[in-house]
Amino acid sequence: MKAATNPASPPDIDVRPQGSFAAAGWLAWFSLREMARRRRLVSLSLISLLPVLMVGAIRIWFPQAGITAQMQLAALAHDIFMPFLIPVVALFVGVPAIGEMIDDGTIVFTWTRPVRRRAIYLGRLLAAQTVSTLVLSGSLALCFAVMVTEGPQVITWDFLKLYLQTFVIIAMGVFTYASLFAAMGTFFRKPVLPAILFAFGWENLVSNIPARVQELSLRFHLQNLITKPEAAPQDLPGLLGALLTTAFHREPVPKVQSVLVLAAVMLLTTVLGIWLFRQKEIAK
Amino acid sequence: MKGAGIDSSHARITADRVGKWFGEVIAVNNCTLSVGTGVVGLLGANGAGKSTLFKMLAGLIEPSHGTVRVFDRRLRQDVGWYRRVGFCPESDALPDWMTGREFLALMLRLMGFEKAEINRRVGYWLERFELEDAANRRLGGYSKGMRQKIKLAQAMAHDPDVIFLDEPLNGMDPVSRKQSIDLVRELGQQGRTVLVSSHILPEVESMTSEIILMDRGRVLAEGAVAEIRDKIPEHPTTVALVSAAPRALAGFLIGREHVVGVQVDQENRVVVSTDHAVAFYRALPGWLLGNGLVVDEIVTLDDSLEAVFQYLTER
């Protein structure tokens, strides 16, 4: 170690915690860069290509079937993004957002800074939500690119409106699921199994029970927000026909109610997650 | 023996009857201690409870009972006080995807420093730990010694007044080890509080003579090594006196105050056992001068940290 001049200590050290917004912002930026490098993101990005493949298949094999771009988009959002892609991506990015740092011990360095615990938590959560949204946005953008190859007539105001609406709803779904999964990742020692059970057990079961029980699932409220397209053609073959004809069997509730439920779940799970995080013991 | 030698009225770190259980395992049991300024070694075998105590003091874990305070604050609640605290964990975990420069910069950013000051401090500490060449390399590619250095740098870069170093020399080469020991001593001389944990006695001995000794979750002793040594009555301190007239000297010392045994060894040295080494050393010059005796050399045989540690842990 060479001799070097030590910068003088400030005479009066401010012992107030860092501003939560600034600290959360810096942590989110660095966490975003960290999460973007994770190998699992490659797998998630590949899985997210599923809707693109489906749109491509329709373009190639059913060009004259009368399935409009709006119908494709609504069906994909309703049957692929909401029941499958949003929970999967939010689960595999949200669950480790906080828990992994605690497990691997790197949390020590941020924990011993004058930063409020909520800022650490929110920074990590925001990064997880952003990464998940970006993954699914990429998929949605590719779907759009494939759809518009049909010709300029596809780009109508209604289509663009539905596209933006779908994007916002997907983002809202990702943010809600990621908040929930991050809280689970903070609470459970081995959180992946409970998260999978929730996403594909509870959500599947409850969202398919008729009457008001289905309102207890996040998926129901997300699907409720999607604008129904015009009736699907009845003579479509196989899986595609099944998807389009069974897609919208839901008892609708007011859209405002669904937005409020999703926002409330996001808020409550975030507050719960912060509370759990504050109680955490960094034993590694 | 708790509190011996350390001025608790100026304590920056205190623990009051603190304990920690993990399930049925008692990691730390009813520890009370106070640490003032300077370097203090927290010593104990692996599993003695040092790291758990460290984590409680640094606010990483909550005690099962008792209280821990730094600057009379509970760090888990008053997180703003981390501005005055540095922590170097034992764990090797680092954000491997970051470069050394980015890591230090983020740590300083979270301390609230502005960009110009961050750059200045990052440059200083990278230079101080001779990491300039590796500054833009990912931490994942750092050697064990380099990782240890960057952990030390992040604990010191914001000029904290209290620094916790948990096994800070693990994995360092001898040169870096020596430099780090010098740095720790320098920080102690600057009036900072440096609590260093280690299970390697010579390491601690080279940094400080003030120790807290732990065994099986309990604080066995706290204070200066020599003072602690004096308080182990079962093992009187042994001193060898080299003299031209060993038998005359031995005869004179028999029965003197604080002398509990005298013998002449095979090397013709007078080996004295004393129950109070400090008082014995104070009285010896007067006895020699007053009786025309000459001693050429005095060697203390068992007041090393190792001996103290051994005696205390075998109790």
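It should be emphasised that the depicted structure is a prediction, and the values quoted were computed from it without experimental measurement.

Before going further, it helps to spend a moment on the interface of chain A and chain B. Accessible area lost upon the coming together of the parts is a frequently used measure of interface size. Each side of the interface is counted separately: chain A has 43 residues, and chain B has 51 residues. Overall, the association of chain A and chain B removes approximately 4,200 Å² of surface from exposure, summing both partners, and the carbon and sulfur fraction of that is 62%. Run the count over chain A and chain B and you get two salt bridges. Of the charged contacts, one joins Glu102(B) and Arg33(A) as a salt bridge, the two residues approaching to 2.6 Å between their closest N and O atoms. Summed over the shared surface of chain A and chain B, the number is 11 residue pairs in polar contact (both at pLDDT 80 or more).

Residues and elements named next belong to chain B. The domain architecture assigned to chain B consists of domain 1 (8–229) and domain 2 (237–314). One C-alpha centre belongs to domain 1, the other to domain 2, and the line joining them spans 38 Å. If you look at the interface, domain 1 gives 16 residues, while domain 2 gives 11 residues. A buried area of about 1,200 Å², summed over both sides, lies between domain 1 and domain 2, and 76% of it is on carbon and sulfur atoms. Across the contact surface, domain 1 and domain 2 share zero salt bridges.

Taken N-terminus to C-terminus, the directions of helix α1 (residues 20–36) of chain A and helix α2 (residues 100–111) of chain B make an angle of 160°; their axes are 10 Å apart at the nearest point. In terms of orientation, α1(A) and α2(B) fall into the roughly antiparallel class. Our pair here, α1(A) against α2(B), has a crossing hand that is left-handed. Counted together, Ala23(A), Trp26(A), Leu27(A), Phe30(A) and Arg33(A) of α1(A) and Glu102(B), Leu106(B), Arg109(B) and Leu110(B) of α2(B) form the full contact between these two elements. Split into classes, the residues belonging to the contact of α1(A) with α2(B) amount to six nonpolar, no polar and three charged.

This brings us to empty space enclosed by the protein. Residue and element names in this part refer to chain A. Counted by the stated rule, this structure contains three cavities of 30 Å³ or more. In this structure, the second largest cavity occupies an estimated 50 Å³ of space. Considering the residues around the second largest cavity, the lining is formed by Met35, Arg38, Arg40, Leu41, Phe92, Val93 and Pro96. A total of three residues in the lining of the second largest cavity trace back to one element, the largest contributor, which is helix α4 (residues 69–104).

Detail in the predicted coordinates should be disregarded across regions flagged by low pLDDT. Residue and element names in this part refer to chain A. In the predicted model, chain A carries a mean pLDDT of 86, and the fraction of residues at 70 or more is 87%. Put simply, helix α10 (residues 238–246) is where chain A has its lowest mean pLDDT, 56, and helix α11 (residues 255–279) is where it has its highest, 96. Contacts for the low-pLDDT stretch residues 3–11, under 50 throughout, to residues beyond four places or in other chains number 19 contacts.

How each quantity is defined
- Residues numbered from 1 in each chain as written.
- Chains lettered and ligands numbered in written order.
- Predicted model: local features only at pLDDT ≥ 70, side-chain atom pairs only at ≥ 80, totals over all residues.
- Heavy atoms only, no water.
- Contact = heavy atoms within 4.5 Å.
- Buried area = accessible area lost by both parts, 1.4 Å probe.
- Salt bridge = Lys/Arg side-chain N within 4 Å of Asp/Glu carboxyl O.
- Polar contact = N/O pair within 3.5 Å; in protein donor to acceptor, adjacent residues only side chain to side chain.
- Domains from an automatic or database assignment.
- Axes fitted to C-alpha atoms, helices over the stretch in contact; angles between N-to-C directions.
- Helix = DSSP H or I, 4+ residues; strand = E, 2+ residues; numbered from the N terminus.
- Parallel < 35°, antiparallel > 145°, perpendicular 65-115°, else oblique.
- Left-handed = near helix turned anticlockwise from the far one by under 90°.
- Nonpolar A, V, L, I, M, F, W, Y, C, P; charged D, E, K, R; others polar.
- 1 Å grid on protein atoms, 1.4 Å probe; cavity = no way out; pocket = protein on both sides within 12 Å on 5 of 7 lines; lining within 4 Å.
- Points joined across faces, edges and corners; volume = space filled by probe spheres on them.
- pLDDT = per-residue confidence, 0-100.

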